[in-house]
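Here's the letter readout for the chains.
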Amino acid sequence: RRVLFRSDKILTIGSCFARNIERALRNLNLNVVRSKTSGLEGLTDIANKYTTRSILADLRLALSDEPVTDEMLLRSINVNAQGLARNLALGGMGAAGAKGHPLDQVLKVSREFINVIAQARDADLIILTFGLVEIWYDREVGIYLRLQTSMGEIKKEPGRFALHVLSYEDVRADMTEIFSLIREKGKAGVQILATVSPVPLHNTFRDQDCLQANSYSKAVQRAALEEVLGKFDNVYYFPSYEMVALAAPSVAWVDDDFRHVRPETVDRIMRKVIAAYLGDLGALPPEKDALKRMLAAKTYDSIISTVDRYLAASGKTAAGCPLFIQYYYGASCLALGRTAEGLALIDLVLQANPAHPNANKLRASHSGA
């Protein structure tokens, strides 16, 4: 089923894997809403939300029929004796152990973040990544934290924070409300792509091995999502979790660390996903490695036809493409005798990167042209 047009507005919500997806979609020249706020110095992970409960809390606030007031935001903001504030529901400003920032700055960033999530109202496609099921609850203010608070704070106020491990029923109910909220408050015809993040738990607060806790975390979310999908005709699953977990470690993980998914692996996943929904692989930029292999095999016609198909589908010119496309297309033009066109592209490559060794060799070999 076709669920995406190139002009559609896309919003990514969820774990750090959602940020990886956002980057990959930008590389495909799609219309992706930027999830990051202007932020506070050193805090780059404010948008990351790992649990269904955190995502649901954000959507309830951002999609509320009532205007979001400072009083609403202050509910999750803690101000210490020095007057420094932390938003316990956001990454970096509280749950990750930051010391705090001026209250007006924290309020500003908090509002910016909620405004980002509020773009779910007019997005054509929302991509959700669900990460884990362990979440800390602040009994004092009645909110779920974005991540665990510091052990120092737990020891300082031993009765304030509690670890909640979400059950299958919890996750299923959260997902149902998340999808319902988006369908009710979002744009008519809004589509949702959902997945379970392949990024594993780094640690666990449960009395068990982290591998065991991670297995439960992924399994319960994957099973709940499978059941909830059947209740919504605008929600689709894409198997990023399976595509990473079942791949060879050298392909899936950075330095085989089983922790950080290789960016090129995310790119391949999203190419396959978006190609399926766009219905035209030619509308996506060619892969650099594919063009490199074609050039090594001297299949210049294949490079030309691959790039031409993309140019026709995207409305771009070769001069407006990424540097690697300009290089491989220009090199193929030169090999096929299209000298003027090829040199024009090689010159563009050298303008952007004067030290490009292969482009310099090509330019030198055609210096008299």
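First, a word on scope: everything that follows refers to the structure included in this document.

Observations concerning the pairing of strand S9 (residues 191-196)
Taken across its six residues, S9 has six buried, putting it largely inside the fold. The two faces of S9 match: Gln191, Leu193 and Thr195 on one face and Ile192, Ala194 and Val196 on the other face are all buried. Here strand S5 (residues 125-130) pairs with S9 via six bridges, running parallel. Along S9, the bridge assignment pairs Leu125 with Gln191. As defined by bridge partners, S9 adjoins strand S10 (residues 235-237) across three bridges and the pair is classed as parallel. By the bridge assignment, Leu193 is partnered in S10 with Tyr236.

So, the pairing of strand S3 (residues 84-87)
Across three bridges, the pairing between strand S2 (residues 77-79) and S3 is antiparallel. Paired with Asn78 across the two strands is Arg86, which belongs to S3. Hairpin geometry of S2 and S3 is characterised by an intervening segment of four residues between the two adjacent antiparallel strands and by a positive phi of about 85 degrees at Gly83. Here two bridges tie S3 to strand S4 (residues 101-102), and the two strands are oriented antiparallel to one another. Pairing of Ala85 across the sheet is with His101, part of S4.

Here we look at the sheet that holds strand S6 (residues 134-138)
Where strands meet in a sheet, backbone hydrogen bonds hold them as pairs that are either parallel or antiparallel. With antiparallel pairing, the three strands of this open sheet are ordered in space as S7-S6-S8. In the strand order of this sheet, the two ends are held by strand S7 (143-144) and strand S8 (161-165), each with one partner. The sheet contact formed by S6 and S8 spans five bridges and is antiparallel. In the sheet register, Trp136 faces S8, and the bridge partner there is Leu163.

Description of the nonpolar core
With 49 residues, the main nonpolar core has Leu59, Ile126, Leu128, Phe130, Ile178, Phe179 and Leu225 as its most contacted residues. Listing elements by their share of this core, those giving two or more residues are strand S1 (10-14), helix H2 (52-62), helix H4 (103-117), S5, helix H6 (168-185), S9, helix H7 (210-229) and S10. Sort the elements by how many residues they give to this core and H4 lands first, with seven residues. If we ignore the near neighbours within four places in the chain, the residues touching Leu128 are Ile13, Ile55, Ile178, Phe179, Ile182, Ile192, Leu193, Ala194 and Thr195. By size, the runner-up hydrophobic cluster in this structure holds 27 residues, among which are Tyr236, Met270, Val273 and Leu284.

Here we look at the pattern of salt bridges
Across all of its chains, the model carries 22 salt bridges by this definition. Residue Glu22 is joined to Arg19 by a salt bridge in which the shortest nitrogen-to-oxygen separation is 3.5 Å. With Glu22 and Arg19 both in helix H1 (residues 16-27) and three residues apart, the pair spans about one turn of that helix. Residue Glu22 shares its accessibility class with Arg19, and that shared class is buried. Put simply, Glu264 and Arg262 hold a salt bridge, and the shortest N to O gap is 2.3 Å. With relative accessibility at 26%, the residue Arg262 sits in the partly exposed group. Taken together, the shared-partner salt bridges connect Asp138, Glu140, Glu157 and Arg160 into one network.

Overview of the side chain of Asp124
Of note, Asp124 is situated in the loop between H4 and S5. With a relative accessible area of 18%, Asp124 lands in the buried category. For Asp124, the side chain forms a polar contact with the side chain of Lys187, separated by 2.7 Å. Apart from residues no more than four positions distant in its own chain, Asp124 is found in contact with Asp8, Lys9, Lys187, Gly189, Val190 and Gln191.

Side note on the sheet that holds S5
Strand order in the open sheet made by the four strands is S1-S5-S9-S10, with parallel pairing throughout. Edge positions in the open sheet fall to S1 and S10, since each of these has one partner strand only. Here the strands of the sheet are splayed against their neighbours by 20 degrees on average, with no regard to which way each runs. Strand contacts of H2: S1 and S5, with the helix running at about 145 degrees to S5, the strand carrying the most contacts. Sheet strands in contact with H6 are S5, S9 and S10, and its direction is about 165 degrees off that of S5.

Re the environment of Thr51
One can find Thr51 in the loop between H1 and H2. Taking the relative accessible area as the measure of exposure, Thr51 reaches 1% and is therefore buried. Along the primary structure Thr51 and Asn80 are separated by 29 residues, whereas in three dimensions their C-alpha atoms are 27 Å apart. Among all residues touching Thr51, those that are not within four sequence positions of it are Leu132, Glu134, Ile135 and Leu166. A distance of 3.1 Å separates the side chain of Thr51 from the backbone nitrogen of Ser54, its partner in a polar contact.

Rules and cut-offs
- Numbers given for residues are sequential positions, taken from 1 along each chain in its written order.
- Local features in this predicted model are restricted to residues of pLDDT 70 or higher, and side-chain atom pairs are both shown and tallied only at a pLDDT of 80 or more, whereas totals for entire chains, interfaces and linings draw on every residue.
- For the side-chain quantities, the full set of heavy atoms in the structure was used; hydrogens and water were omitted.
- Each residue gets one of three labels from its accessible area relative to the maximum for its type: buried under 20%, exposed over 50%, partly exposed in between, using a 1.4 Å probe on protein chains only.
- In DSSP terms, a helix is any run of H or I states spanning at least four residues, a strand is any run of E spanning at least two, and both are numbered starting from the N terminus.
- Should DSSP find at least two bridges between two strands, the strands are taken to pair.
- By nonpolar core we mean a set of buried residues, namely Ala, Val, Leu, Ile, Met, Phe, Trp, Tyr and Cys, connected to one another through side-chain atoms within 4.5 Å.
- Whether two residues are in contact is decided by their heavy atoms: any pair within 4.5 Å suffices.
- Any Lys or Arg side-chain nitrogen located within 4 Å of an Asp or Glu carboxyl oxygen qualifies as a salt bridge.
- The definition of a polar contact used here is a pair of N or O atoms within 3.5 Å, where within protein one atom must be able to donate a hydrogen and the other to accept one, and adjacent residues in sequence count solely through side-chain atom pairs.
- Only the stretch in contact is used when fitting a helix axis, every axis being a line fitted to C-alpha atoms; angles between N-to-C directions are given from 0 to 180 degrees.

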